[in-house]
Amino acid sequence: MNMKTFDISVLGASHIKKGTVCQDYSISNSNNKWSYAVVCDGHGGGDYVRSNKGSEFGCKSAEFMINSMMSQISSEKFFSESESLLCTLEKRIIKKWRETVEAHYRNNPFTDSELSRVSAKAYDKYKNGNIYSAYGTTLVAVVMTHDYWFGIQIGDGKLITVD
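What you see is a predicted model, and the numbers here were worked out from it, not measured in a lab.

*Asks:* Please set out the overall build of the protein residue by residue, giving values where relevant.
*Replies:* Broken down by element type, the protein carries 5 helices and 4 strands. Within the protein, contacts between residues separated by at least 24 positions form 65% of all contacts whose residues are at least 6 apart in sequence. Accessible area for the protein stands at about 9900 Å²; split by element, carbon and sulfur atoms hold 51% of it. Computed over 19 positive and 18 negative side-chain charges, the inter-centroid distance for the protein is 5 Å.

*Asks:* Describe a nonpolar patch on the surface, with residues and values.
*Replies:* Judged by side-chain polarity, Val142, Met144, Trp149 and Leu159 come together as a nonpolar surface patch covering roughly 320 Å² of accessible area. Secondary-structure assignment places valine 142 in strand β3 (residues 137-145).

*Asks:* Account for the pairing of strand β4 (residues 149-154), with residues named and values stated.
*Replies:* By the alternation rule, side chains of β4 split into Phe150, Ile152 and Ile154, which are all buried, and Trp149, Gly151 and Gln153, of which none is buried. Hairpin connection between β3 and β4: a loop of 3 residues separates the two successive antiparallel strands.

*Asks:* Explain the packing of aromatic side chains residue by residue, including any values.
*Replies:* Applying the stated criterion to the full structure yields 9 aromatic pairs. Judged by centre distance (6.1 Å) and plane angle (70°), the rings of phenylalanine 78 and phenylalanine 79 are edge-to-face. Aromatic side chains phenylalanine 78 and phenylalanine 150 sit 5.4 Å apart centroid to centroid with 20° between the ring planes, which places their arrangement in the stacked category. Here the residue phenylalanine 78 occupies a position in helix α3 (residues 75-107), and phenylalanine 150 occupies one in strand β4, the gap between them amounting to 72 residues. An aromatic cluster of at least three residues, connected via ring pairs, comprises Phe78, Phe79, Tyr148 and Phe150. In this structure, lysine 96 packs its charged tip against the face of phenylalanine 64, placed 4.7 Å from the ring centre. Taking NZ or CZ as reference, arginine 98 lies 3.9 Å from the ring centre of tyrosine 132, over its face.

*Asks:* Residue-level account of the sheet that holds strand β1 (residues 24-30), with values.
*Replies:* Strand order in the open sheet made by the 4 strands is β1-β2-β3-β4, with antiparallel pairing throughout. Each of the sheet's edge strands pairs with one partner strand only, and the pair in question is β1 and β4. Geometrically, the sheet is characterised by an average inter-axis angle of 5° between neighbouring strands, direction not taken into account. The pairing of strand β2 (residues 34-42) with β3 spans 9 bridges and is classified as antiparallel. Counterpart to aspartate 41 in the pairing with β3 is threonine 138. Relative to β2, helix α2 (residues 51-70) is tilted by about 160°, and along the sheet it contacts β1, β2, β3 and β4. Helix-sheet contacts for α3 involve β3 and β4, and the interaxial angle to β4 is about 35°.

*Asks:* Now, about the state of the cysteines: what can you tell me, with residues and values included?
*Replies:* In the structure shown here, the tally under the stated rule is 0 disulfides. For the unlinked cysteine cysteine 59, the closest cysteine sulfur is that of cysteine 40, found at 3.7 Å. In this structure cysteine 59 comes out as buried when scored by relative accessible area, which is 0%.

*Asks:* Lay out the nonpolar core in plain terms, naming residues and giving numbers.
*Replies:* Membership of the largest hydrophobic core comes to 24 residues, with the highest contact counts inside it found for Val38, Ile66, Met70, Leu139 and Phe150. For this core, the elements supplying multiple residues, two or more each, are β2, α2, α3, β3 and β4. The element best represented in this core is α2, accounting for 6 residues. Once you skip the residues sitting within four places of it in the chain, valine 38 turns out to touch Tyr25, Ser26, Ile27, Cys59, Ala62, Ile66, Leu139, Val140 and Ala141. Formed by 13 residues, the second largest nonpolar core is a distinct cluster that contains Val49, Trp97, Ala122 and Ala134.

*Asks:* Before we move on, can you summarise the side chain of arginine 50 with the specific residues and values?
*Replies:* In this structure, arginine 50 sits in the loop between β2 and α2. Since its relative accessible area comes to 5%, arginine 50 is described here as buried. Among the polar contacts made by the side chain of arginine 50, one reaches the main-chain carbonyl oxygen of asparagine 108 at a distance of 2.6 Å. Within polar-contact distance, the side chain of arginine 50 engages the side chain of glutamate 114 at 2.8 Å. When neighbours within four sequence positions are excluded, arginine 50 is seen to be in contact with His104, Tyr105, Asn108, Pro109, Phe110, Thr111, Glu114, Ala134 and Tyr135.

Calculation criteria
Residues take numbers from 1 onward in each chain, read along the sequence in its written order. Given that this is a predicted model, residues contribute local features only at a pLDDT of at least 70 and side-chain atom pairs are listed and counted only at 80 or more, while totals for whole chains, interfaces and linings are drawn from all residues. The side-chain quantities take in all heavy atoms of the structure and omit both hydrogens and water. Helical segments are the DSSP runs of H or I of at least four residues, strand segments are the runs of E of at least two, and each set is numbered from the N terminus. For this analysis, residues touch if any pair of their heavy atoms sits within 4.5 Å. Values of accessible area rely on a 1.4 Å probe in the Shrake-Rupley scheme; residue burial ignores everything except the protein chains shown. Charged-residue counts in this description rest on Lys and Arg as positive and Asp and Glu as negative, His and the chain ends being excluded. To locate a charge, take NZ of a lysine, CZ of an arginine, CG of an aspartate or CD of a glutamate. For patch detection, residues must exceed 30% relative accessible area and be free of salt bridges, and they are connected within 9 Å for like charges or within 5 Å for nonpolar side chains (Val, Leu, Ile, Met, Phe, Trp, Tyr). Basic side-chain nitrogens of Lys or Arg form a salt bridge, by our definition, when they fall within 4 Å of a carboxyl oxygen of Asp or Glu. Relative accessibility under 20% of the residue-type maximum defines a buried residue, over 50% an exposed one, and the middle range a partly exposed one, all with a 1.4 Å probe and only protein chains included. Between any two strands, at least two bridges found by DSSP are needed for them to pair. Classification of ring pairs uses Phe, Tyr and Trp, with its six-membered ring standing for Trp, and accepts pairs whose centres are within 6.5 Å; under 30 degrees between planes counts as stacked, over 60 as edge-to-face, and the remaining range as tilted. Distance and angle both matter: a charge sits over a ring if NZ of Lys or CZ of Arg is within 6 Å of the ring centre and within 35 degrees of the ring normal. An axis is simply a line fitted to the C-alpha atoms; with a helix, the fit covers only the stretch in contact. Between two such axes, the angle follows the N-to-C directions and lies from 0 to 180 degrees. Put simply, a disulfide is two cysteine sulfurs that come within 2.5 Å. Nine residue types can take part in a nonpolar core, namely buried Ala, Val, Leu, Ile, Met, Phe, Trp, Tyr and Cys, and a core is a set of them joined through side-chain atoms within 4.5 Å. Between N or O atoms, a polar contact is any pair within 3.5 Å; within protein, one atom must be a potential hydrogen donor and the other a potential acceptor, and residues adjacent in sequence are included only when both atoms are from side chains.

Dropping the structure here:
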């Protein structure tokens, strides 16, 4: 497939001014059968203390699951089962993301510094084991082959096509 992909995530002016980390992450790649690009937009705000890691984990989870699915299906299977395949892909990305978040948290519990920056509601949630929103992110991914393309969106991002 004669296609090139690219991605870039940069620290924005407001992040530089405030001294905060970039909470966004992107990843892309091409091979001779398919190309993909994934963008994760970490949740902004003080309660999402690990959103930068969550967006990285989202991109890498999507990359892994996209490559896994695409290496196992034919164009015919995609056309006959696209809705089911895409729903399964989204669920697998979320599952892989959650597993990655859990593993990261086990090895890196919240620090006192992180917890001191969150609201009382988030603090209680995180202390009671509901850690996922601390890593919150949205995800948009696009995959293109010789025969078809598709996009998925997890969260409140937007995916728009123009023809």
